[in-house]
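So the chains spell out like this:
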Amino acid sequence: MVTVTGTIRNVGDRPVRDVVVRLEHGAAIATSSELRTDLSGNVDQYQPVADFITIAPEMARGQEVPFRLAYPLRSPDRPSLNVESPGIYPVMVNVNGTPDYGAPARLDDSRFLLPVAGVPPDEGADVTASDVLNSAVAPDITRPVALTMFWPLADRPRLAAGAPGGTTPVRLIDDDLATSLAPGGRLDTMLSAVDFATNPEVDPGGEVTRALCLAVDPDLLVTVNAMTSGYVVNDAADAGPGTPTHPGTGQEAAVGWLNRLEALAQRMCVAPTTYAQADLDALHRVADPGLSAVATNGAGAIVNQILGVTVTRGASLIGDGPMTEAAITLLSSQGPTVAIGAADLMGPGVSDGGAPETAETAPVRYTPNVVAAPFDPAVGAALAGLGATPESPSYLDPSLDNALKQDSDTARRQDALGALLWRSLQPETTPRTQLLMPPLMWNLAPPDAQAVLTAVATTIRAGLAVPRPLTAVIDEANAVTDSVPLPSGPLGNPRGRFDDGVVSGISGVTGRLWGLTAALTTDERTGQTGNQYTAPLREDPLRALSLSGPPDAPNGPAPHRLTTVGRTVEDLFNAVTIVNPGGSYTLATERSPLPLALRNDLPVPIRVRLDIEAPPGMTVTDMGEIVLPPGFLPLKVPVEVHFTQRVAVDVALRTADGLPLGEPVRLSLHSNAYGKVLFFITLSAGAVLVALVGRRLWHRFRRQPDRADLDRPDPIEVALAYGDDGGAGDDARAPAGRHDPRRRR
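In this report, the structure presented in the accompanying data block is examined. Treat the numbers as computed from the prediction; the structure is a model and nothing was measured. (Residues numbered from 1 in each chain as written. Predicted model: local features only at pLDDT ≥ 70, side-chain atom pairs only at ≥ 80, totals over all residues. Heavy atoms only, no water.)

Points about the overall build of the protein
Scanning the protein for helices and strands turns up 21 helices and 29 strands. Taken over the C-alpha trace, the protein has a radius of gyration of 43 Å; the compact-globule value for 745 residues is 27 Å, which it surpasses by more than 25%. C-alpha atoms of the protein, sized along the principal axes, occupy 180 × 65 × 50 Å. Across the 745 residues of the protein, 49% fall into the buried class. A separation threshold of at least 6 residues defines the contact pool for the protein, and within that pool the share at least 24 residues apart is 75%. Carbon and sulfur atoms provide 54% of the accessible area of the protein, an area that totals close to 34,600 Å². (Helix = DSSP H or I, 4+ residues; strand = E, 2+ residues; numbered from the N terminus. Rg over C-alpha atoms; globule rule 2.2 N^0.38 Å. Buried < 20%, exposed > 50% of the residue type's maximum accessible area, 1.4 Å probe, protein only. Contact = heavy atoms within 4.5 Å. Areas by Shrake-Rupley, 256 points an atom, 1.4 Å probe, with all protein chains shown as cover.)

This is the structure:
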């Protein structure tokens, strides 16, 4: 018996009379695209199960009326859904009525998928016991599906942008993660559900455990691990390090959640997503090999370090973005890998021939390094419809996009379970393998998580599926040798594409950051390396390219985060400067050194070079590469000056590779050096002075009169010429032949 219950609400602007409802059904879904198209658009494929039933003679505005419809799957003598074999069947609740001042019309409908794993026996008065036994239809389990499901543990980037490594306490843009990690929160629900389903007491044979693999975002682990040591939260919109903050409340929840995850990771498969769920298509347009390596190959090492496990290597989870030519090219540049992403699938109105199609999910080799193991986007989109925030992933073609938010939680849960079971109930559909890839930001309520994991366990234990570990997926994909052309044309939802302005901005910021990182060295006092110091800033551009936001608005937080990171990088360059003396220098000689002082406000040493623009007549000795430690470093730059004047000398500081640091400084120099001519003149004058002094001393020691003094009066006679009162005698009394001393004066 199929029972459908619900509520009809009048949301219009007028009363509605003669409100009737009817249950309708369609044929079993034969292609995966019908998992989407049968839930919207045309209703020609639906047939009534029974006549309309009157729900209310009149409904006022805002009034609600419950209803209940119950019919058997099949019955020879009463209305039924006429289901004769296992499969996935679309069902529709059709509501008609007559609006005030209007004519009778179909007012609304609600559709969902009905999984039928087995058809029960016929019911009826004339059915014998033998007929009951023979009429039951069991599912075909001769060709089970090899099932692999990823269980995502990821979140939106929460770390505030522009914080270099070693900044404490860690600053978050909000405290939503504290709620998510606490009991009953989103991440707690995701972890608790998979922990319970893989518990040895619940899964004694380990079948469900082998079929599941945790898809863990390294950025989430970095954030939660930082929260365990205490953190602060922005009080307002993030404006960089100066943003007002308050203490976070999730430290205890972070410790408990991370400990539980570490224990779970010991007994099941763990695979890293791209860092911060970065969009590989946009990352390829950034054209930064180093940043691409951080997002892909570097993700596993972070998970290993924090969880203390060895992740399953060899697979790259593209996540919620389309598997485009750019994404494949980027992965190919990073070495051999199996790309797990959405297959290309469009609705019947778009694809060739106009007929419904099933996604091609067999592994294909695109390049010598990359083999793609696709999953069905119709199934992935159905799983994305679960939970409190249903979204259509950006890899989904618009022709398969359905409005989800008006559907009830129960209807969306039915759609997800139907999509999950569809391939296992279609024994003729090939290949007989299935990858289940939910959205990385899966927001499941506990009933949703329980229903999905129960369905996985049921299909395995009923023989409809067998577990296929991720390692088997990788091995089977790598066995493919024949190459196919790379995907071409626009894929997925064009609204999910990052703007070129965001991409070019990231390219500029990361280029400067790599240049600065190359110049930084290790601080021997703390052990911090330059790479560790700038790592969070390199990860910020990946957070800006995260696909964790709304699929139709990926650029929302990216420009703001990019602006903050760019401002921080500029501050780091300006933190290494030449101290401006503010006055002038005087060089006493032509070889007097030029005194300078360098300042490094970074916590790690940096390799720098001086760039001095010397004026003509001044030669500066290149000091080569200088390791500038944190703090101040006085220097004496050897120079040689061949002029005497006041000049201006421009001094700039650059990294070892030539990137400018800080602001250039203009020094005012005054040189007293006259060069070689003055040297020889001074030397000659000194020699003459020494000769004259020596000559006088020679005559003095030998008590010989110096001919230079012959025209001078005898000092004794001069003294006698003065009277006792200090005055001079009469001129007539002066000795003949003597000069008057007063006349000399």
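The discussion continues.
Topic: the state of the cysteines
Across all of its chains, the model carries one disulfide by this definition. Note on cysteine connectivity: Cys213 is disulfide-linked to Cys269, with sulfurs 1.9 Å apart. Judged by the sign of its S-S torsion, about -55 degrees, the bond between Cys213 and Cys269 is left-handed. Placement of the pair is Cys213 in strand 10 (residues 212-216) and Cys269 in strand 13 (residues 269-272), with a sequence separation of 56 residues. Here Cys213 and Cys269 have matching classes, each one buried. (Disulfide = S-S within 2.5 Å.)

Considering the side chain of Asp320
Relative to the assigned elements, Asp320 resides in strand 14 (residues 315-322). Aside from chain neighbours lying at most four places away, what touches Asp320 is Pro393, Ser394, Tyr395, Pro438, Pro439, Leu440 and Leu547.

Topic: the layout of surface pockets
Where empty space is left becomes clear once a probe the size of a water molecule has been rolled over the atoms. The volume enclosed by the largest pocket comes to roughly 1,300 Å³. Considering the residues around the largest pocket, the lining is formed by 48 residues, among which Thr7, Asp108, Asp109, Ser110 and Gln406 are closest to the centre. Contributions of two or more residues to the lining of the largest pocket are made by strand 1 (2-9), strand 2 (16-25), strand 6 (87-99), strand 7 (105-116), helix 12 (377-384) and helix 13 (409-422). If one sorts the elements of the lining of the largest pocket by residue count, strand 7 sits on top with nine residues. For the lining of the largest pocket, the per-class residue count stands at 23 nonpolar, 15 polar and 10 charged. Considered as a void within the structure, the second largest pocket measures approximately 890 Å³ in volume. If you go around the second largest pocket, you meet 28 residues; those closest to its centre are Gly165, Gly166, Val222, Ala226 and Pro536. Looking at the lining of the second largest pocket, the elements with two or more residues in it are strand 9 (170-172), helix 6 (218-227), helix 10 (297-307) and helix 17 (530-544). Considering each element in turn, the lining of the second largest pocket owes the most residues, eight residues, to helix 17. Its residues placed into classes, the lining of the second largest pocket shows 13 nonpolar, 10 polar and five charged. (1 Å grid on protein atoms, 1.4 Å probe; cavity = no way out; pocket = protein on both sides within 12 Å on 5 of 7 lines; lining within 4 Å. Points joined across faces, edges and corners; volume = space filled by probe spheres on them. Nonpolar A, V, L, I, M, F, W, Y, C, P; charged D, E, K, R; others polar.)

A look at the packing of helix 13 against helix 14 (residues 446-461)
Relative orientation of the contacting elements helix 13 and helix 14 amounts to 20 degrees, with a least axis distance of 10 Å. For the element pair helix 13 / helix 14, the angle class is roughly parallel. Every pair of crossing elements has a handedness; the one defined by helix 13 and helix 14 is right-handed. Along its contact with helix 13, which presents Arg413, Leu417, Leu420 and Leu421, the element helix 14 presents Pro447, Asp448, Ala451, Val452, Ala455, Val456 and Thr459. Considered class by class, the residues forming the contact of helix 13 with helix 14 number eight nonpolar, one polar and two charged. (Axes fitted to C-alpha atoms, helices over the stretch in contact; angles between N-to-C directions. Parallel < 35°, antiparallel > 145°, perpendicular 65-115°, else oblique. Left-handed = near helix turned anticlockwise from the far one by under 90°.)

Thoughts on the pattern of salt bridges
Counted according to the given criterion, the structure contains 31 salt bridges. Taking the shortest distance from any N to any O, the salt bridge between Asp155 and Arg186 comes out at 2.9 Å. Taken together, the residues Asp155 in the loop between strand 8 (145-153) and strand 9 and Arg186 in helix 4 (residues 186-197) connect sequence positions 31 residues apart. Exposure class is identical for Asp155 and Arg186. Each is buried. Taken together, the salt bridges that share partners define one network made up of Asp155, Arg158, Asp174, Asp176 and Arg186. (Salt bridge = Lys/Arg side-chain N within 4 Å of Asp/Glu carboxyl O.)

Side note on the sheet that holds strand 17 (residues 370-372)
A sheet is described by the order of its strands in space; here four strands give the open sequence 14-15-17-16, paired in mixed fashion. In this open sheet, the two strands that pair with only one neighbour each are strand 14 and strand 16 (364-365). Two elements, strand 16 and strand 17, share two bridges in a ladder whose sense is antiparallel. By the bridge assignment, Val364 is partnered in strand 17 with Ala372. (Pairing = 2+ DSSP bridges.)

Structural notes on the packing of aromatic side chains
A complete count under the given rule lists two aromatic pairs for this structure. Plain terms: the ring middles of Phe375 and Tyr395 are 5.4 Å apart, the flat faces sit at 80 degrees to each other, and that makes the pair edge-to-face. Placement of the pair is Phe375 in the loop between strand 17 and helix 12 and Tyr395 in the loop between helix 12 and helix 13, with a sequence separation of 20 residues. The same class applies to Phe375 and to Tyr395, which are both buried. (Phe/Tyr/Trp six-rings, centres within 6.5 Å; stacked < 30°, edge-to-face > 60°.)

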